[in-house]
Amino acid sequence: MVKKKVSLVIGVATIAAAGLLTVGYSQKVSSNSADKSTLKVATSGTLYPTSYHDSKSKKLTGYDIEVVRAVAKKMGRKVEFKQLNVDGQLTAVKTGKVDMAANDIGISPQRKKSYRLSTPYKHSFNSIVVRKSDNSGINSWDDIKGKKAAGEAGTSYQRLAKQLDAKTVNYNNVSNDVYLRDVKNGRTDFIMNDYYLQKLALKAVPDNDLKIKKNMYFKTKDDGSGTGILMKKDNKKLAKQVNKALASLKKDGTLKDLSEKFYDADVTKKPNVHISKNFTIKD
């Protein structure tokens, strides 16, 4: 199995400036029309299979990346991606340095206070990765207390971990193999993240000696709304165009095809699984 460098950016969205990648469609666009200008999109480039670099071609790809490209094509616009960590993505949208962010961003009530989010193009639930040998000492939610949670600062997962009295160990936009290695060697004890992301991360990193704790699937208040594209609060026009494009892509089957390509599952539908806990994350 080819090892892919990927990252669990904890929080269903998270960001310091990294490189600048430009990817787009070759179709001609009008340079003097605001509606035809290049869409600047913030993403991590390290979150497999949402936003990452293909190990062979080195090309930026992933579910969210290809959804954005398909949306831009429907709108007749080019795309320029900027790689940032989660905080950087949010700041770049708020300050207008980019038009939007796409990085498995949860549509939460808290985010909707400060940003405009598209209609959802992904639905999921959350999971916990632990060591196979001893479950990292975590057999129930009460066992989270005092354990070391790996994630990125400011994400909903790290906020929840802190709320559950875990010790947070924060990373800055690193790849999945770093997260998984540190749980394996005991530097940290567990990783909270999206189920589909964790499942594929474990598959991409062989001999990791880790597993997903099956009886501890959970949701938060944010999860019911799914994942969306994040935009500036006052950009109603762009949001309307993006939502129109997403509706068309859902109708013609593009979103389903992309989700099955990257997740090996139809994440455009709400999953039917047993959830052991529903959390409300404190602001």
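Residues numbered from 1 in each chain as written. Predicted model: local features only at pLDDT ≥ 70, side-chain atom pairs only at ≥ 80, totals over all residues. Heavy atoms only, no water.

1. Considering the overall build of the protein chain
- Assigned secondary structure in the protein chain consists of eight helices and 15 strands.
- Considering the protein chain as a whole, with its 283 residues, one finds that 56% of them fall into the buried category.
- Counting only carbon and sulfur atoms, one obtains 47% of the accessible surface of the protein chain, whose full area is about 12900 Å². (Helix = DSSP H or I, 4+ residues; strand = E, 2+ residues; numbered from the N terminus. Buried < 20%, exposed > 50% of the residue type's maximum accessible area, 1.4 Å probe, protein only. Areas by Shrake-Rupley, 256 points an atom, 1.4 Å probe, with all protein chains shown as cover.)

2. What about the layout of surface pockets?
- A volume near 190 Å³ is recorded for the second largest pocket.
- Considering the residues around the second largest pocket, the lining is formed by 12 residues, among which Leu 90, Gln 110, Arg 111, Gly 154 and Arg 159 are closest to the centre.
- Classifying every residue of the lining of the second largest pocket by side-chain character gives three nonpolar, five polar and four charged. (1 Å grid on protein atoms, 1.4 Å probe; cavity = no way out; pocket = protein on both sides within 12 Å on 5 of 7 lines; lining within 4 Å. Points joined across faces, edges and corners; volume = space filled by probe spheres on them. Nonpolar A, V, L, I, M, F, W, Y, C, P; charged D, E, K, R; others polar.)

3. Looking at the environment of Glu 152
- Turning to its location among the elements, Glu 152 is positioned in strand S9 (residues 148–152).
- Each C-alpha atom of the pair Glu 152 and Asn 172 lies 6.0 Å from the other, and the pair is 20 residues apart in sequence.
- Only 3.4 Å separates the side chain of Glu 152 from the backbone nitrogen of Val 86, close enough to count as a polar contact. (Polar contact = N/O pair within 3.5 Å; in protein donor to acceptor, adjacent residues only side chain to side chain.)

4. A few points about helix H5 (residues 176–184)
- The buried fraction of H5 amounts to seven of the nine residues, a majority that puts the element mostly inside the structure.
- Residues Asn 176, Asp 177, Val 178, Tyr 179, Leu 180, Asp 182 and Val 183 constitute the buried set of H5.
- Packing partners of the buried residues in H5 comprise strand S8 (126–131), S9, strand S10 (167–171), strand S11 (190–194), helix H6 (195–204) and strand S12 (210–212).
- Looking one or two residues beyond H5, the residue adopting positive phi is Gly 186, at roughly 90 degrees. (Contact = heavy atoms within 4.5 Å.)

5. Points about helix H2 (residues 86–95)
- The complete set of buried residues in H2 reads Val 86, Gly 88, Gln 89, Leu 90, Ala 92 and Val 93.
- Contacts made by the buried residues of H2 are with strand S2 (39–43), strand S6 (100–106), strand S7 (115–117), S9 and strand S14 (227–232).
- A distance of 3.3 Å separates the backbone nitrogen of Asp 87 from a side-chain oxygen at the start of H2, and that oxygen is part of Asn 85.
- Two residues or fewer after H2 comes Gly 96, characterised by a positive phi angle close to 85 degrees.

6. Quick word on the packing of helix H1 (residues 63–75) against helix H8 (residues 254–263)
- The geometry of H1 relative to H8 is characterised by a closest axis approach of 9 Å and an angle of 155 degrees between their N-to-C directions. It follows that H1 is roughly antiparallel to H8 by the angle criterion. Both H1 and H8 take part in a crossing whose hand is right-handed. Contacts from Tyr 63, Glu 66, Val 67 and Ala 70 in H1 reach Thr 254, Leu 255, Leu 258, Ser 259, Phe 262 and Tyr 263 in H8.
- The residue makeup of the contact of H1 with H8, split by class, is seven nonpolar, two polar and one charged. (Axes fitted to C-alpha atoms, helices over the stretch in contact; angles between N-to-C directions. Parallel < 35°, antiparallel > 145°, perpendicular 65-115°, else oblique. Left-handed = near helix turned anticlockwise from the far one by under 90°.)

7. Comments concerning the side chain of Thr 268
- Structurally, the position occupied by Thr 268 is in the loop between H8 and strand S15 (277–279).
- For Thr 268, a relative accessible area of 15% gives the class buried.
- Of note is the side chain of Thr 268, whose polar atom sits 2.4 Å from the side chain of Asp 266.
- Aside from chain neighbours lying at most four places away, what touches Thr 268 is Tyr 63, Tyr 121, His 123, Leu 255, Lys 256 and Ser 259.

8. Digging into the confidence of the model for the protein chain
- For the protein chain, the average pLDDT comes to 87, and 86% of its residues sit at 70 or higher.
- Per-residue pLDDT stays below 50 along residues 1–34; that stretch engages in 128 contacts with residues further than four places along the chain or on separate chains. (pLDDT = per-residue confidence, 0-100.)

9. Digging into the pairing of strand S5 (residues 79–83)
- Taking burial as the measure, the five residues of S5 include four buried ones, the bulk of the element.
- Of the pairings in the sheet, the one linking S2 to S5 comprises five bridges and is parallel in character. Counted as the bridge partner of Ala 42 is Lys 82 from S5. (Pairing = 2+ DSSP bridges.)

10. Focus: unusual backbone geometry
- Cis peptide bonds are those with omega within 30 degrees of zero, and the linkage from Tyr 48 to Pro 49 qualifies with 0 degrees.
- Along the polypeptide, Pro 49 turns up in the loop between S2 and strand S3 (52–53).
- With a phi close to 70 degrees, Asp 165 is a non-glycine residue in the positive phi region.
- Note on placement: Asp 165 falls in the loop between helix H4 (156–163) and S10.
- On the basis of relative accessibility, which here comes to 45%, the residue Asp 165 falls in the partly exposed class.
- The phi dihedral of Asp 209 is positive, around 60 degrees, even though this residue is not glycine.
- Given a relative accessible area of 43%, Asp 209 falls into the partly exposed group.

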